[in-house]
Amino acid sequence: MNRLNYLKMRISEWPRFCLFGLLVLLASCGGSNQAHKHTNALVNENSPYLLQHAHNPVNWYPWGAEALQKAKEEDKLIVISVGYAACHWCHVMEHESFEDSTVARIMNENFVAIKVDREERPDVDNIYMTACQLAAEGGCGWPLNAFALPNGQPVWAGTYFPKKEWLEVLKYFADLYQTDRDKLEEYGQLLAEGIQSVSRPKPLEESSELSPDALQTGASAILEQADLQFGGLKGAPKFPLPSVFRFLLRQHVLTGQDSLLRFATTTLDAMMSGGLYDHLGGGFARYSTDTQWEVPHFEKMLYDNAQLVSLYSEAYQLTGEEAYKTVMEETLEFIAREMTSPEGGFYSSLDADSEGEEGRFYTWTAEEVTAVLGEGQMAQVFMDYYSFHPGGNWERRNILIQEKNVQKILDEYKLSSSELSQIIANARSKLFTARAKRPRPGLDDKQVTSWNAMMISGYAHAFQALQTPGYRDAAVRAGELLQEKLVQDEGRILRTYKDGQAKINGFLDDYAFTIEAFLDLYAITFEEKWLERAEALAQYALKHFSAEDSPMLYYTSDLDPALIARTAKTEDNVIPSGNSAMGRALLHLGTYLYDTTYTQRARHMLQRMVGEIEETTAPSYFSNWMNLYSELTYPLYEVAIVGEAFAERRQALQQHYLPNALFLGGADEGSLELLKGKLQEGETFIYVCQNKVCQLPVQDAQAAIQQMRRGR
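One structure accompanies this document, and this report is about it.

What counts, and at which threshold
- Residues numbered from 1 in each chain as written.
- Predicted model: local features only at pLDDT ≥ 70, side-chain atom pairs only at ≥ 80, totals over all residues.
- Heavy atoms only, no water.
- Pairing = 2+ DSSP bridges.
- Helix = DSSP H or I, 4+ residues; strand = E, 2+ residues; numbered from the N terminus.
- Phe/Tyr/Trp six-rings, centres within 6.5 Å; stacked < 30°, edge-to-face > 60°.
- Buried < 20%, exposed > 50% of the residue type's maximum accessible area, 1.4 Å probe, protein only.
- Lys NZ or Arg CZ within 6 Å of the ring centre and 35° of its normal.
- Contact = heavy atoms within 4.5 Å.
- Axes fitted to C-alpha atoms, helices over the stretch in contact; angles between N-to-C directions.

Describing the pairing of strand β15 (residues 501–505)
Across 4 bridges, strand β14 (residues 494–498) lies against β15 in antiparallel orientation. Within β15, the residue paired with Y497 across the bridge is A502. The hairpin turn running from β14 into β15, its antiparallel successor, is 2 residues long, and D499 in that turn takes a positive phi close to 55°.

Right under this line is the structure:
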């Protein structure tokens, strides 16, 4: 049954299917235009994704009051098409359908067409993605194409459609709106109610006790879904899911369960040796299409690389594995080279495509390699080391995949390990230089606040692990840019920054991750301005995002124009949810400031989630909540370092993996309550405290670490 016939069948029984879908979801829970034939309203936007469609013959509008009012005045259905600049199938559908005059004519005559950059407007994306999950056949993804009534209520949504199918679906809805509008309106109401139901924040009904057993149960459930051979969770595609593995590293250290560390390191090893990792230029692709991390979807996202820098930093602190250090350094070289603006902020993504092909920039033929390296040993060793096949290991080209049996190469070519390393380093350098001359993948150069915040944290964590001054400098520079350009009066924050323009009210994750980034900046500088800035953001968020009868926070502020539902998402995914991130940010802020207003709110947020965490069969969707659970179950250490030699002692401590420690201090006591009475003239002491109760001060980092280990 094709998708159009399936759609017709679904529409004929909409109420039943809507209810079924709802139950399932609940259970799972400017410039010249003279050179262009066409120009639409997107030409005035600055989102690279929207600008890609500015000269389509489709009369696209950006999301906003003008388009919605036009739909009401002309009494037309709305087509809402959501994507992002690095999205491969978004490009395919544009070329096949949105650049086609026949498709454009039908869309323009019968619909008001709205294009949405999901990275600018995740709130809009969330509404129509939820509609897709409730109403559509099969999986939902991007491009997301939704049909809605003139009031914005969705009636159906799907993902990529080939041109022929898209024409059929367009004609079907155009006809149905004329012949059976009542059914569309009925279903639109049902779907709106469903979205509102699954999005509504739930109250805290009773106080739940926290137990280490729940964390162990969650970790064990993750292991049950683990691919112990190749790493990651079972099945394909495979996403990195950094918060899952940061939880497992934490749980291993706090409980001593070695199986958690083995699974985590198996995954980290497989990701960095497979095609997911760019072996010439550093950085990770968005996900792997197979179970062995070999064939990536080649787009590179800032948020993945930011979180993976943090993950590999922590893994290096814990294990001392030099390969993890190399991955950190190479990924940050990639960020500095290709993803950093002249002002010091961070760009959003790199496209998967170049020269009209996915992965063309990153893949090689044997002939291309020998053209650069010559016909001798270097080329042969390189191709063996990176698993080349004569006809290609993917679509007649070769993805670089590090050979796991290095000893075989050493024996075959009679090389020492150091000789092999030198050959590979020289070959990589030559091929990287050659690759740089290729047409490059498209760059989305807008800067998203929450993703920039995650990258600031990534740099801060890398600085802690390696104490490389440039990492601290990059983090501080980006933090100052964020504060100057995106933080407004009274702590309000804006979502995006591009071409000197900041716009769109920030969402919950923008606040949560920026608070955490500012706290990370405090931890590596001991400059109290970062704490003050973090608190201003927290106060604004609690004022404008809080739900009346729930400890949770809405994703949008009370100042934003209303959508059909105000959502409060709680599930963690590739990026932790805004609520779990805010819970941890409030706990950390409250601990630094010794303010129970923040720490109690974090506790209540977690308590609201305890039932779902303990009952879930998909613990990866609560991994960051489990990090918060861990921080409240194994209370945080307040590690105060006070005296002239504070920087040296801080460095000695922060190079170690201490997941439940917050660092504070300076040359003097500053203004923090937790530092009062701790300065001893002419000396530098380390105080290991919990809930303001301190053990005996010590002057040696190892002694302080032992105090923390004895306290577990």
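Still to come is the rest of the account.
Here's the deal with the packing of aromatic side chains
The full count for this structure, using the stated rule, is 34 aromatic pairs. Where F147 meets W166, the ring centres are 5.7 Å apart and the plane angle is 40°; that geometry is what we call tilted. Of this pair, F147 sits in strand β4 (residues 144–148) while W166 sits in helix α8 (residues 163–179); the two residues are 19 residues apart in sequence, bridging distant segments of the chain. Here F147 and W166 have matching classes, each one buried. Centroid distance Y303 to W451: 4.8 Å. Interplanar angle 70°. Geometry classified as edge-to-face. Here the residue Y303 occupies a position in helix α13 (residues 302–319), and W451 occupies one in helix α19 (residues 449–466), the gap between them amounting to 148 residues. On the basis of relative accessible area, Y303 is assigned to the buried category, the value being 6%. For W451, a relative accessible area of 5% corresponds to the buried category. One aromatic cluster is present, formed by W60, F98, F111, F147, W156, F161, W166, Y172 and F173 through successive ring pairs. Between R118 and the ring centre of W142, over which it is positioned, the NZ or CZ distance is 3.7 Å. A cation sits over an aromatic face here: R650 above F526, 4.6 Å from the ring centre.

What to know about the sheet that holds strand β16 (residues 637–642)
Across the sheet, 4 strands lie side by side as β17-β16-β18-β19; this open sheet has mixed pairing. In this open sheet, the two strands that pair with only one neighbour each are β17 (661–666) and β19 (693–694). Examined bridge by bridge, β16 and strand β18 (residues 685–690) share 5 bridges and lie antiparallel to one another. Across the sheet, residue E638 finds its bridge partner in β18, namely C689. In the packing of helix α23 (residues 578–593) onto the sheet, the strands contacted are β16 and β17, and the crossing angle to β17 comes to about 35°. Running at roughly 10° to β18, helix α27 (residues 701–710) makes contact with β16, β17 and β18 of the sheet.

Details of the sheet that holds strand β12 (residues 443–444)
Strand order in the open sheet made by the 3 strands is β8-β9-β12, with antiparallel pairing throughout. Pairing within the sheet leaves two strands with one partner each, and these edge strands are β8 (300–301) and β12. Inspection of the sheet shows β8 paired to strand β9 (residues 349–350) by 2 bridges, in the antiparallel sense. Residue pairing in the sheet places M301 in a bridge with S349 of β9.

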